[in-house]
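Take a look at the letters that make up each chain.
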Amino acid sequence: MKKLILTGFCALFAAHVNAQSDTTTQKLDEIIIQENRIQLPFSKQSRNISLIDRQQIETTPARSLPEVLAFVPGVDVRQRGVTGVQADIGIRGGSFEQTLMLLNGIKLSDPQTGHHMMNVPVPLVNVDRVEVLKGPASRIFGQNAYTGAVNVITSLSENKSLRLQGYAGDFGMKGINFAGSLPAGKYRQNLAVSYDDSNGHQYNSDYQVSNVFYEGGIDLNEKNAIRGMIAYADRTFGANGFYASTYPDQWESIQTTLGSLSHTFLSGNFSLNTRGYWRRNEDEYRLRRNEPEFYQNFHTSDVFALETNGTYKSKLGVTGFGLEVRKEQIESTNLGDHDRTLSGIFLEQLVNLGDKTDIRAGLYSNYYSEYGWKHFPGMEVGFQATKAIRLYSGIGSSFRIPTYNDLYYVGPTNIGNPDLQPEQARSFEFGGKWTASNWRAELVYFNRYSENLIDWVRDSADEPWQPQNFNEVTFNGVEASGYYRVNPSGRTVQVKELMLSYNYIDTKFDGQPGVESRYALTALKNQLIGGVLVGFGKKTEWNTKMRYVERISQDPYFILDMRVDYNRLGKLGFFAEASNITDTDYMEAGTVQMPGRWFRAGFMVNLE
């Protein structure tokens with residue numbers, strides 16, 4: 001079955017290479033990647049970056065951000081249940097604690113645990129695009145961007161619009177998503193609301209997820225602009241075996257609040273953005289859902305941050321600089337009450353050497369109240385060999401401090417370790433990009449050498465898990481990807497989009513004999529992702545996605561998903577999705593059994 005599907009995919013790929021050569025190209029290369037200081041077009045980046053735009057979000061067979069990210073090369077999404085109600089994300093073989101999630105450049109890291117990283121409080125219908133930066137990103141975004149960063153981007157529109165989506169499916173699944181834009185003079189504003197729930201695909205896997213997101217901004221004059229954002233997310237779910245397979249009745253309820261206010265100043269060659277934000281996460285966890293007295297934890301974490309980032313263009317190139325101060329604190333019935341302060345300084349320089357070569361180098365120096373000063377240097381070199389070919393190379397260092405769960409958690413199956421030291425890594429990559437007409441391709445090799453890697457281990461199944469530092473872990477990997485897209489021409493049958501990628505990661509782990517590892521030995525090893533979007537006439541689209549995933553010490557699995565859209569861009573449209581068409585028996589995280597074949601269908605309303 002697998003060979004048949006792959007052969008069919010390759011045949012379809014080859015059959016349409018020449019058939020679509022007269023169509024126009026949709027330009028993605030000039031999209032500006034939203035880093036906090038020096039911002040460059042996608043085509044000028046000397047990094048391995050994946051860009052997920054609105055079309056891909058809308059046509060992917062997915063109802064949540066984790067499901068969309070599962071089809072990004074080099075990204076390992078491990079869901080516990082359907083629609084990403086609880087999901088972890090790793091990049092290039094890294095753990096869920098080593099990836100930084102951002103919303104419009106605002107860090108969503110939680111001092112309690114990385115399990116809350118994917119609680120992004122914005123409905124998917126309101127997301128404009130997603131930028132996935134692979135490799136060390138501490139120099140750009142600070143600590144926690146250990147193996148990469150995912151930046152979710154929303155945008156403010158000058159036009160009135162309304163988008164409404166509703167769906168229902170297997171497991172009693174249903175949901176409604178709304179996003180509206182209503183500018184008032186110079187003031188632009190968006191409001192997005194979503195609600196999703198399900199009875200669950202197995203015992204005690206039901207969930208209810210709500211999101212409310214409001215964003216507004218105004219250009220005061222040619223030089224000054226203000227932008228604000230407030231968001232709230234509520235996730236309540238049965239957690240059958242999510243964190244311990246011996247307790248099928250686990251239950252969790254998480255509320256995330258985010259607020260930010262920023263000011264941007266632009267004058268000639270100088271720009272300055274200053275913002276403050278606050279993020280609160282409230283977490284109630286029960287080991288037995290209907291018996292809170294048996295074992296129950298309450299955690300409330302707060303993050304307060306102030307950042308200033310700027311750029312200055314001169315004859316020497318572009319200089320980027322920034323300052324940040326961050327206060328993290330937690331009140332917990334299990335972890336205790338703790339707080340820590342982080343402050344950092346960013347400095348980087350972009351220099352063009354002639355018309356073909358550019359160098360971008362910088363340093364992020366961070367002071368931790370618990371660990372003192374840490375420094376993260378890094379550099380990228382890009383060479384535009386031809387109009388179509390760009391070569392690049394980069395080196396960088398990264399750092400992650402333990403979460404409070406790592407340090408202080410006490411439970412029947414997990415015990416923290418207050419003696420943990422921060423993780424450190426040095427990374428190198430070399431790659432090339434090829435862009436021609438409707439095609440893009442990329443090949444990259446990367447190496448990451450980690451010291452003091454944190455992993456949860458135990459000596460036997462009768463003992464609780466406890467995090468320990470490991471001396472040396474080395475990751476070597478290769479990523480190859482190809483991508484093809486054209487604008488629709490209205491033909492009876494037209495291939496609009498094709499993608500195929502392969503990732504291989506070799507992990508050399510300095511483990512201890514007889515010690516069982518929870519995360520390090522389940523890192524991504526082989527990953528093959530493919531997809532084809534076919535248009536039928538002007539209104540119908542058929543998207544087929546497939547994934548082949550193999551992790552260290554685990555059986556590989558193959559997943560096939562499909563989605564059909566009718567009149568997606570019209571005022572009223574309809575869609576149907578099928579997930580795990582192959583009815584594969586598989587697990588992504590721990591011992592949580594993922595569902596077999598399942599379906600959902602819905603409608604879209606678009607008014608402008």
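Worth saying up front: this structure is predicted, and the values here are computed from it rather than measured.

### So, the overall build of the protein
Piece 1. Within the protein, the secondary structure is distributed over five helices and 30 strands.
Piece 2. Relative to a compact globule of 608 residues, whose C-alpha radius of gyration would be 25 Å, the protein shows 23 Å and is just as compact.
Piece 3. A burial count over the protein gives 60% of its 608 residues as buried.
Piece 4. In the protein, of all internal contacts separated by at least 6 residues, the share reaching a separation of at least 24 is 62%.
Piece 5. Accessible area of the protein: about 24,200 Å², with a carbon and sulfur share of 57%.

### Some thoughts on the environment of Asp53
Piece 1. Inspection of the secondary structure assignment puts Asp53 in the loop between strand E1 (48–52) and helix H2 (54–59).
Piece 2. What makes Asp53 buried here is its relative accessible area of 6%.
Piece 3. Each C-alpha atom, one on Asp53 and one on Val130, is 6.6 Å from the other, the two residues being 77 residues apart in sequence.

### Let's talk about a nonpolar patch on the surface
Piece 1. Together, Met379, Ile395, Phe428, Phe430, Leu443, Tyr445 and Val478 make up a nonpolar patch on the protein surface, roughly 600 Å² of accessible area in all.
Piece 2. Of all elements in the fold, only strand E21 (423–436) and strand E22 (439–458) reach the threshold of two or more residues within the nonpolar patch.
Piece 3. Following the sequence through the fold, Tyr445 ends up in strand E22.

### Considerations on the sheet that holds strand E6 (residues 129–134)
Piece 1. The five strands are arranged E1-E6-E7-E4-E5 in an open sheet whose pairing can be described as mixed. The sheet is open, and its two edges are formed by E1 and strand E5 (106–107), each paired on a single side.
Piece 2. Relative to E5, strand E4 (residues 99–103) is paired through two bridges, and the arrangement is antiparallel. Bridging from a neighbouring strand, Leu102 pairs with Lys107 of E5.

### Notes on the nonpolar core
Piece 1. Leu65, Leu69, Met101, Val130 and Val132 are the most contacted members of the largest nonpolar core, which totals 35 residues.
Piece 2. Counting residues per element, the ones that place at least two in this core are helix H3 (65–69), strand E2 (75–79), strand E3 (87–91), E4, E6, strand E7 (148–153) and strand E12 (224–238).
Piece 3. In terms of residue count, H3 provides more of this core than any other element does, three residues in total.
Piece 4. Once you skip the residues sitting within four places of it in the chain, Met101 turns out to touch Leu65, Ile106, Lys107, Leu108, Ser109, Met117, Met118, Val120, Val150 and Val152.
Piece 5. Judged by nonpolar contacts, the second largest core, of 27 residues, contains Tyr207, Val209, Ile254 and Phe575.

### Observations regarding the pattern of salt bridges
Piece 1. A complete count under the given rule lists 44 salt bridges for this structure.
Piece 2. One salt bridge connects Lys107 with Glu324, and the closest N-O pair in it is separated by 2.8 Å. Here the residue Lys107 occupies a position in strand E5, and Glu324 occupies one in strand E16 (residues 317–332), the gap between them amounting to 217 residues. Pair check on accessibility: Lys107 and Glu324 agree, each one buried.
Piece 3. Across the salt bridge formed by Lys174 and Asp197, the nearest N and O atoms sit 2.9 Å from each other. With Lys174 in strand E9 (residues 173–181) and Asp197 in strand E10 (residues 187–198), the pair connects residues that are 23 residues apart, well separated along the chain.
Piece 4. Owing to a relative accessible area of 42%, Lys174 belongs among the partly exposed residues under this scheme.

### A closer look at the packing of aromatic side chains
Piece 1. Per the counting criterion, the structure on display carries 15 aromatic pairs.
Piece 2. Aromatic side chains Phe346 and Tyr364 sit 4.1 Å apart centroid to centroid with 15° between the ring planes, which places their arrangement in the stacked category. Of the two residues, Phe346 is situated in strand E17 (residues 336–353) and Tyr364 in strand E18 (residues 357–368); the sequence distance between them amounts to 18 residues.
Piece 3. For Phe346, a relative accessible area of 5% corresponds to the buried category.
Piece 4. Residue Tyr364 is classed as buried on the basis of its relative accessible area, which comes to 0%.

### Re the pairing of E18
Piece 1. As paired strands, E17 and E18 are joined by twelve bridges and run antiparallel to one another. Bridge pairing in E18 links Ser343 to Tyr367.
Piece 2. What sits between E17 and E18 in their antiparallel hairpin is a turn of three residues, with Gly354 showing a positive phi close to 80°.
Piece 3. Two strands pair when backbone bridges link them, and E18 and strand E19 (residues 372–384) are joined in this way by twelve bridges, in the antiparallel orientation. Looking at the pairing, Asp358 lines up with Gly382 of E19.
Piece 4. Hairpin connection of E18 to E19: three residues between the antiparallel strands.

### With respect to the confidence of the model for the protein
Piece 1. The predicted model of the protein averages 90 in pLDDT, with 94% of residues at 70 or higher.
Piece 2. Every residue in residues 1–26 is under pLDDT 50, and counting partners more than four places away or in other chains gives 40 contacts.

### Focus on the side chain of Thr311
Piece 1. The residue Thr311 is located in strand E15 (residues 296–314) in this model.
Piece 2. Side chain to side chain, Thr311 and Ser271 meet in a polar contact 2.5 Å long.
Piece 3. Once you skip the residues sitting within four places of it in the chain, Thr311 turns out to touch Arg37, Ile38, Asn269, Phe270, Ser271, Val318, Thr319, Gly320 and Phe321.

### So, the side chain of Asn526
Piece 1. Summarising the element assignment, Asn526 is placed in strand E26 (residues 524–536).
Piece 2. For Asn526, a relative accessible area of 11% gives the class buried.
Piece 3. In terms of polar contacts, Asn526 uses its side chain to reach the side chain of Tyr502, at 2.5 Å.
Piece 4. Setting aside chain neighbours within four positions, we find Asn526 in contact with Tyr502, Asn503, Tyr504, Tyr548, Val549 and Glu550.

Calculation criteria
Starting afresh in each chain, residues are numbered from 1 along the sequence in its written order. Note on the predicted model: pLDDT of at least 70 is required for a residue's local features to be given, and 80 or more for side-chain atom pairs to be given and counted; whole-chain, interface and lining totals, by contrast, use all residues. For side-chain calculations, the full set of non-hydrogen atoms in the structure is used, while hydrogens and water are omitted. Helix and strand definitions follow DSSP, with helices as H or I runs of at least four residues and strands as E runs of at least two, each counted in order from the N terminus. The globule rule used for comparison is 2.2 Å times the number of residues to the exponent 0.38, while the radius of gyration itself is calculated over C-alpha atoms. Using a 1.4 Å probe on the protein chains alone, a residue whose accessible area is under 20% of its type maximum counts as buried, one over 50% counts as exposed, and one in between counts as partly exposed. Here a residue-residue contact requires only that any non-hydrogen atoms of the pair lie within 4.5 Å. The method behind every accessible area is Shrake-Rupley, applied with a 1.4 Å probe, and residues are considered shielded solely by the protein chains displayed. Any residue with relative accessible area above 30% and no salt bridge may belong to a patch, with like charges joined within 9 Å and the nonpolar Val, Leu, Ile, Met, Phe, Trp and Tyr side chains within 5 Å. Here, a salt bridge means any Lys or Arg side-chain nitrogen found within 4 Å of an Asp or Glu carboxyl oxygen. Paired strands, as defined in this entry, are two strands with at least two bridges between them according to DSSP. Here, the term nonpolar core denotes a set of buried Ala, Val, Leu, Ile, Met, Phe, Trp, Tyr and Cys residues that are joined through side-chain atoms within 4.5 Å. Stacked, edge-to-face and tilted are the three classes for Phe, Tyr and Trp ring pairs, Trp counted by its six-membered ring, which pair at centre distances within 6.5 Å; planes under 30 degrees apart are stacked, over 60 edge-to-face, the rest tilted. As a per-residue measure, pLDDT reflects the predictor's confidence and takes values from 0 up to 100. Throughout this description, a polar contact denotes any pair of N or O atoms lying within 3.5 Å of each other; where both atoms belong to protein, one of them has to be capable of donating a hydrogen while the other can accept it, and for residues adjacent in sequence the pair is counted only when both atoms sit in side chains.

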